[in-house]
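# Summary of structural features
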Amino acid sequence: MSGTLAVTEIIRRLEQGTTQPFLVRAEDGALYVAKGREATRRGLMAEWLCANLARGLGLEVPDFVLLEVHGELAEAFGQDGRALGAGPVFGSRLEGGVQEFALPQLKSVPVETRLRLLAFDWWVENGDRSLTLHGGNPNLLWQASRARLLVIDHNLAFDPGFDEAAFLAVHVFKDDANGLFGDLVHRLEIADLLSAALAEFDAALHSLPADWRWLDVERTLPAQVDLAAIRARLAERAGLLRGTKP
């Protein structure tokens with residue numbers, strides 16, 4: 001989606017997720033799950049950039065948009081409104097008829113989708129999509145009526161402390177790792193897709209809110225997120241997939 005929608009109503013704070021996002025209504029009348037100040041500037045950038053990258057890779061992401069929260073509305077909602085914060089926030093359109101993805105749905109997901117999502121999370125160094133017999137946090141939604149997998153929550157991507165071994169041990173689609181990294185044809189095909197998806201990163205940068213690059217409203221404290229380094233790292237890892245097995 002493009003453009004920015006004004007938030008007209010802050011409905012309530014949601015309990016799921018460490019960032020405890022907000023359910024809001026926007027000027028288009030639709031409901032959105034909104035992440036703001038408590039997601040951190042880096043987390044908001046990661047959400048916006050990864051949503052665009054995932055869609056560029058052919059993964060299904062709920063419609064997402066930049067939402068604008070006016071200061072008066074945030075203040076009127078009290079402490080929680082201030083936690084969301086005034087200014088631009090990340091909004092993911094609320095989907096109906098969905099549930100959190102669980103192990104019984106694994107076989108319902110096409111192999112190509114599993115491979116792409118595994119490659120995507122490895123590429124953006126997102127270790128926050130775990131699911132094993134002992135539980136986890138898949139950050140996926142399942143729409144049974146359409147056998148549709150929706151990818152959400154990327155605020156922890158571009159992790160400088162990304163642990164590849166831990167990632168491959170607990171990722172929801174870890175059992176497909178050999179089909180991706182051990183198959184030259186798949187590696188080359190997906191490496192090409194990753195490189196092509198970098199165009200989405202460049203486009204998303206142009207729409208990244210200027211406010212997110214600063215920690216304060218006066219814009220005196222930079223957020224210190226090196227976006228050029230993140231892009232370079234993405235290009236490097238796409239190239240790595242072509243050559244060396246992780």
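One structure accompanies this document, and this report is about it. (Residues numbered from 1 in each chain as written. Predicted model: local features only at pLDDT ≥ 70, side-chain atom pairs only at ≥ 80, totals over all residues. Heavy atoms only, no water.)

### Concerning the overall build of the protein
Tallying secondary structure elements over the protein gives eight helices and ten strands in all. Over its C-alpha atoms, taken along the principal directions, the protein stretches across nearly 55 × 40 × 30 Å. When each of the 246 residues of the protein is scored for burial, the buried share is 46%. Partitioning the contacts of the protein with sequence separation of at least 6, the portion at a separation of at least 24 is 69%. Counting only carbon and sulfur atoms, one obtains 52% of the accessible surface of the protein, whose full area is about 11,600 Å². Of the charged side chains in the protein, 25 are positive and 34 negative; the average position of the first set lies 3 Å away from that of the second. (Helix = DSSP H or I, 4+ residues; strand = E, 2+ residues; numbered from the N terminus. Buried < 20%, exposed > 50% of the residue type's maximum accessible area, 1.4 Å probe, protein only. Contact = heavy atoms within 4.5 Å. Areas by Shrake-Rupley, 256 points an atom, 1.4 Å probe, with all protein chains shown as cover. Lys, Arg positive; Asp, Glu negative; His and termini not counted. Charge placed at Lys NZ, Arg CZ, Asp CG, Glu CD.)

### Some details on the pairing of strand β1 (residues 4-13)
The sheet contact formed by β1 and strand β4 (residues 64-69) spans three bridges and is parallel. Residue Thr 4 lies in a different strand from β4, and its bridge partner there is Leu 66. In the sheet, β1 pairs with strand β2 (residues 22-26) via five bridges, with the strands oriented antiparallel. In the strand pairing of β2, Arg 12 is matched with Leu 23. (Pairing = 2+ DSSP bridges.)

### Remarks on the packing of aromatic side chains
The description of two aromatic rings rests on the distance between their centres and on the angle between their planes. A complete count under the given rule lists seven aromatic pairs for this structure. Ring centres 6.1 Å apart and planes at 80° place the aromatic pair Phe 101 and Phe 173 in the edge-to-face group. One end of the pair, Phe 101, is in the loop between β6 (99-100) and α4 (111-123); the other, Phe 173, is in the loop between α5 (164-170) and α6 (177-181), and 72 residues separate them in sequence. As far as the burial class goes, Phe 101 and Phe 173 line up, both buried. For the ring pair Phe 162 and Phe 167, a centre distance of 5.2 Å and an interplane angle of 55° mean the geometry is tilted. Across the pair, exposure class does not vary: Phe 162 and Phe 167 are buried alike. Ring pairs connect the aromatic residues Trp 48, Phe 64 and Phe 90, which therefore count as one cluster. Between Arg 237 and the ring centre of Trp 122, over which it is positioned, the NZ or CZ distance is 4.0 Å. (Phe/Tyr/Trp six-rings, centres within 6.5 Å; stacked < 30°, edge-to-face > 60°. Lys NZ or Arg CZ within 6 Å of the ring centre and 35° of its normal.)

### Focus: the layout of surface pockets
Here the largest pocket is characterised by a volume of approximately 690 Å³. For the largest pocket, the lining is made up of 32 residues, of which Gln 16, Val 33, Leu 141, Ile 152 and Asp 153 are closest to its centre. Those elements that provide at least two residues to the lining of the largest pocket are β3 (31-35), α1 (41-56), β5 (87-93) and β9 (140-143). Looking at which element gives the most residues to the lining of the largest pocket, the answer is β5, with three residues. Looking at the lining of the largest pocket residue by residue, the class counts come to 15 nonpolar, nine polar and eight charged. Here the second largest pocket is characterised by a volume of approximately 360 Å³. Along the wall of the second largest pocket there are 20 residues; nearest its centre are Arg 37, Arg 41, Gly 85, Ala 86 and Val 217. Listing elements by their share of the lining of the second largest pocket, those giving two or more residues are α2 (71-76), α3 (78-84) and β5. The residue makeup of the lining of the second largest pocket, split by class, is eight nonpolar, five polar and seven charged. (1 Å grid on protein atoms, 1.4 Å probe; cavity = no way out; pocket = protein on both sides within 12 Å on 5 of 7 lines; lining within 4 Å. Points joined across faces, edges and corners; volume = space filled by probe spheres on them. Nonpolar A, V, L, I, M, F, W, Y, C, P; charged D, E, K, R; others polar.)

Keep in mind that these numbers describe shape and distance, not what the molecule does.
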